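Listed below are the residues making up each chain.
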Amino acid sequence: MSHRESHTRWSGAALALLAAVIAGPASGDSVMVTQAKVQLASISLSAPTARECWARYSSASSSTVIEEVAFRVPCPEQITHDFMQALQRSLAARGFYDGQVTGKPDAQTRAAVQAFQGANGFNSPILTLEAAQQLGLLPIDVQRN
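Residues numbered from 1 in each chain as written. Predicted model: local features only at pLDDT ≥ 70, side-chain atom pairs only at ≥ 80, totals over all residues. Heavy atoms only, no water.

Another aspect to go through is the nonpolar core. Formed by 15 residues in total, the largest nonpolar core has its most connected members in Phe83, Leu87, Leu91, Leu127, Ala132, Leu135 and Leu137. For this core, the secondary structure elements donating two or more residues are helix H2 (81-93), helix H3 (107-119) and helix H4 (129-134). Of the residues forming this core, the biggest block, four residues, is contributed by H2. Not counting chain neighbours up to four residues away, the residues in contact with alanine 132 comprise Pro74, Phe83, Leu127, Leu137 and Leu138. Counting five residues, the second-largest nonpolar core is a separate cluster that includes Cys53, Phe71, Val73 and Cys75. (Core = buried A, V, L, I, M, F, W, Y, C linked by side-chain atoms within 4.5 Å. Buried < 20%, exposed > 50% of the residue type's maximum accessible area, 1.4 Å probe, protein only. Helix = DSSP H or I, 4+ residues; strand = E, 2+ residues; numbered from the N terminus. Contact = heavy atoms within 4.5 Å.)

Our next topic: the packing of aromatic side chains. Tallying each qualifying case throughout the model produces two aromatic pairs. Pairing phenylalanine 71 with phenylalanine 122 gives two aromatic rings, centres 4.9 Å apart and planes at 75 degrees, and the pair type is edge-to-face. Of the two residues, phenylalanine 71 sits in strand E2 (residues 64-73) while phenylalanine 122 sits in the loop between H3 and H4, which places them 51 residues apart along the sequence. Given the relative accessible area of 8%, phenylalanine 71 is considered buried. What makes phenylalanine 122 partly exposed here is its relative accessible area of 23%. (Phe/Tyr/Trp six-rings, centres within 6.5 Å; stacked < 30°, edge-to-face > 60°.)

Written out as structure tokens, the structure reads:
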């Protein structure tokens, strides 16, 4: 067996065994150690790359575009039924939504999102990543925001 430096992750059982060996026997106990071969493996999994999703929103009067903005949004795989229910509850708790908690992205939910975001300076019915984070629905990535 070669002696190579490696990063090792210890299981709970291995740590308990190591602690017992280091601590030694309790008073009055005897310890018999037999030869044992312990092989530890380490698997390093890289963190999944955070995907960025973007949307565009245009506000217009007649056929003239007044403003078009691109902004980060929660990715489609994050918008689950449970996420939508949490969104509706969070908006209701802040007085922006008074409908049933259905988990469906209906017109009443979009209007509540637009009212919440409008009160915070961005008039769009499309939920921004920032608004989802303000509502406590998604973690804030301080390195990216």
